[in-house]
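# Topology and contacts: notes
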Amino acid sequence: MKLHHVLLFVHLAGVIVWVGGMSFAHFCLRPAALALPPAQRLALWSGVFRRFFPLVWLAIGAIVLSGFAMLIEVGMARAPLAWHAMAGTGLLMTAVFASIWFGPWRALQRAVAAESWAQGAQALNQIRQRVTFNLVLGALTVLLATLGLAF
């Protein structure tokens, strides 16, 4: 087994955790959670994010390290343009996630602890908007990784 195959596995596993988790949260959990009263809904999301967000940090580490290792292995100058574009969208996704972690995620935790449901709803809405943006970027990144190599 070549190192490249191990790196590709680690890379794809990270993408599956991160983008798959966002897809599940946005398309499955969110619609179901809307039926709950605000106190229960916000407590649910706080608990979900408390478990999911550390996994996202691990996924980001795996994706970035394996991705740049594969770029270096091939040689930056010889790597397909799609790989460079993928690295750019991936780094932008990382910045968006960091903005969630250090911004509305902290605000949501404080609001749930204080039972301030209006502030919690505002923070959750900011998280939802950024996750939606990251989900679109994630789909674009997968498109670049697959169809981008055809050009």
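Calculation criteria
Residues numbered from 1 in each chain as written. Predicted model: local features only at pLDDT ≥ 70, side-chain atom pairs only at ≥ 80, totals over all residues. Heavy atoms only, no water. 1 Å grid on protein atoms, 1.4 Å probe; cavity = no way out; pocket = protein on both sides within 12 Å on 5 of 7 lines; lining within 4 Å. Points joined across faces, edges and corners; volume = space filled by probe spheres on them. Helix = DSSP H or I, 4+ residues; strand = E, 2+ residues; numbered from the N terminus. Nonpolar A, V, L, I, M, F, W, Y, C, P; charged D, E, K, R; others polar. Contact = heavy atoms within 4.5 Å. Buried < 20%, exposed > 50% of the residue type's maximum accessible area, 1.4 Å probe, protein only. Core = buried A, V, L, I, M, F, W, Y, C linked by side-chain atoms within 4.5 Å. Phe/Tyr/Trp six-rings, centres within 6.5 Å; stacked < 30°, edge-to-face > 60°.

## Re the layout of surface pockets
A volume near 580 Å³ is recorded for the largest pocket. Lining the largest pocket we find 27 residues, and of these His-11, Val-15, Met-86, Thr-141 and Ala-145 sit closest to its centre. Looking at the lining of the largest pocket, the elements with two or more residues in it are helix 1 (3-33), helix 2 (38-74), helix 3 (81-102) and helix 5 (117-146). Here the residues of the lining of the largest pocket sort into 19 nonpolar, eight polar and no charged. For the second largest pocket, the calculated volume is near 330 Å³. Forming the boundary of the second largest pocket are 23 residues, of which Arg-30, Trp-45, Phe-49, Leu-124 and Arg-128 lie nearest the centre. Those elements that provide at least two residues to the lining of the second largest pocket are helix 1, helix 2, helix 3 and helix 5. Broken down by element, the lining of the second largest pocket gets its largest block of residues, eight residues, from helix 5.

## Some thoughts on the side chain of Asn-134
With respect to the secondary-structure elements, Asn-134 resides in helix 5. Every residue in contact with Asn-134, bar those within four places of it in the chain, is listed here: Trp-18, Met-22, Met-93, Val-96 and Phe-97.

## Concerning the side chain of Ser-46
Here Ser-46 lies in helix 2. With a relative accessible area of 2%, Ser-46 lands in the buried category. Contacts of Ser-46, omitting those with residues within four sequence positions, involve Trp-105, Leu-108 and Val-112.

## Points about the nonpolar core
Core analysis: the biggest nonpolar cluster contains 28 residues, and Trp-18, Phe-49, Phe-53, Trp-105, Leu-108 and Ile-127 have the highest contact counts within it. Among the elements that line this core, the one with the most residues is helix 2, at nine residues. Apart from the residues lying within four places of it in its own chain, the contact partners of Leu-108 are Leu-42, Ser-46, Phe-49, Gly-120, Ala-123, Leu-124 and Ile-127.

## Some remarks on the packing of aromatic side chains
Inspection of every chain in the model, using the stated rule, returns 11 aromatic pairs. Relative to Phe-53, the ring of Phe-52 lies with its centre 6.2 Å away and its plane at 45 degrees, an arrangement referred to as tilted. Exposure remark for Phe-53: the relative accessible area of 2% places this residue in the buried category. Between Phe-97 and Trp-101 the ring centres are 6.4 Å apart and the planes differ by 45 degrees, which places this aromatic pair in the tilted class. Residue Phe-97 and its partner Trp-101 are both found in helix 3; the two are separated by four residues, about one turn of the helix.

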